[in-house]
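# Overview (structure and organization)
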Amino acid sequence: MNAEAVAPNTVVSLKVELYDAQGALLDAPKDPLTYLHGGYGGLLEPLERALEGRRAGEDVRLQLEPEQAFGEYDPTLLRVEPAERYGEGLVVGMQVEEESNIYTVTDVAGGKAVLDGNHPFAGMALRFFLKILAVRNAKQEEISRGVSLP
C-alpha cells in the first residue's frame, strides 16, 4: 500500500545529488537513500521539511547553509598526533575512532598525522538535488525501531 505523499511514518526513497555552492558535484550515490520520515534522524531536518507533502516523481532542490547542514568548521577539532600511534598503513582518507569521535586523516608527513574531527562538509553551503523515487507507509516494526527496514 503506497502513501500518496511524504508524511510522518512513511518510508521515502530518494535519488540524491550533493553539490557545493559553486555547483561542483560532491556526492551522487548510485544507490537510493531510503529513510523513515518524521524526525527519526535519517535525514537532515531542513531536507525533511522540504520533502513534506511531496509525491513520488517530484524533484526538490534546496541549498542549506553550514549551520543547517553539518555545522561550521571547528578548528579545535584538528589534532596532530605521532603517526606511529596508529600503526603501519596509515594513509590520508582513513578514519580513526577515538573517545567516541571519528577523525579523518588529512595529512601524514614527517612522522606526524593530522586528524580532523569535523564532518567532511562542515563549513560548506550545500545544494541538495533530491528526486523522490517512492513513498510507502512504514511498517509498525520500522516505526518502533525508528529506521526503515530493507
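In this report, the structure presented in the accompanying data block is examined.

What follows deals with unusual backbone geometry. If you check the backbone angles, asparagine 9 has positive phi at about 65° while not being a glycine. Inspection of the secondary structure assignment puts asparagine 9 in the segment before strand 1 (10-20). Judged by its relative accessible area of 28%, asparagine 9 falls in the partly exposed class. Positive phi is not limited to glycine here, since glutamate 99 has a value of about 50°. Tracing the sequence through the fold places glutamate 99 in the loop between strand 6 (95-98) and strand 7 (101-109).

This next bit is on the packing of aromatic side chains. Each aromatic ring pair is described using two quantities: the centre-to-centre distance and the angle formed by the ring planes. Under the criterion given, the structure shown has two aromatic pairs. When the ring of tyrosine 19 is compared with that of phenylalanine 129, the centres are 4.8 Å apart and the planes differ by 45°; the resulting orientation is tilted. One end of the pair, tyrosine 19, is in strand 1; the other, phenylalanine 129, is in strand 9 (residues 126-137), with 110 residues separating them in the sequence. Judged by relative accessible area, which is 23%, phenylalanine 129 ranks as partly exposed. For the ring pair phenylalanine 70 and phenylalanine 121, a centre distance of 6.2 Å and an interplane angle of 50° mean the geometry is tilted.

All right, on to the pattern of salt bridges then. Enumeration over the complete set of coordinates arrives at eleven salt bridges. Between lysine 15 and glutamate 17 there is a salt bridge, with the nearest N and O atoms lying 3.0 Å from each other. The class for lysine 15 is partly exposed, based on a relative accessible area of 41%. If you follow the salt bridges from partner to partner, you end up with Arg79, Glu81, Arg85 and Glu98 in one network.

Summarising the element assignment, asparagine 137 is placed in strand 9. As a C-alpha pair, asparagine 137 and alanine 7 span 130 residues in sequence and 8.8 Å in three-dimensional space.

To continue, consider the sheet that holds strand 6. A sheet is described by the order of its strands in space; here four strands give the open sequence 5-8-7-6, paired in antiparallel fashion. The open sheet terminates on both sides in strands that have one partner only, identified here as strand 5 (78-82) and strand 6. Shown here is a sheet whose adjacent strand axes are inclined to one another by a mean of 40°, direction ignored. Relative to strand 7, strand 6 runs antiparallel, the two sharing four bridges. What sits directly across from glutamate 98, in strand 7, is asparagine 101.

Scoring rules and cut-offs
Residues numbered from 1 in each chain as written. Predicted model: local features only at pLDDT ≥ 70, side-chain atom pairs only at ≥ 80, totals over all residues. Heavy atoms only, no water. Helix = DSSP H or I, 4+ residues; strand = E, 2+ residues; numbered from the N terminus. Buried < 20%, exposed > 50% of the residue type's maximum accessible area, 1.4 Å probe, protein only. Phe/Tyr/Trp six-rings, centres within 6.5 Å; stacked < 30°, edge-to-face > 60°. Salt bridge = Lys/Arg side-chain N within 4 Å of Asp/Glu carboxyl O. Pairing = 2+ DSSP bridges. Axes fitted to C-alpha atoms, helices over the stretch in contact; angles between N-to-C directions.

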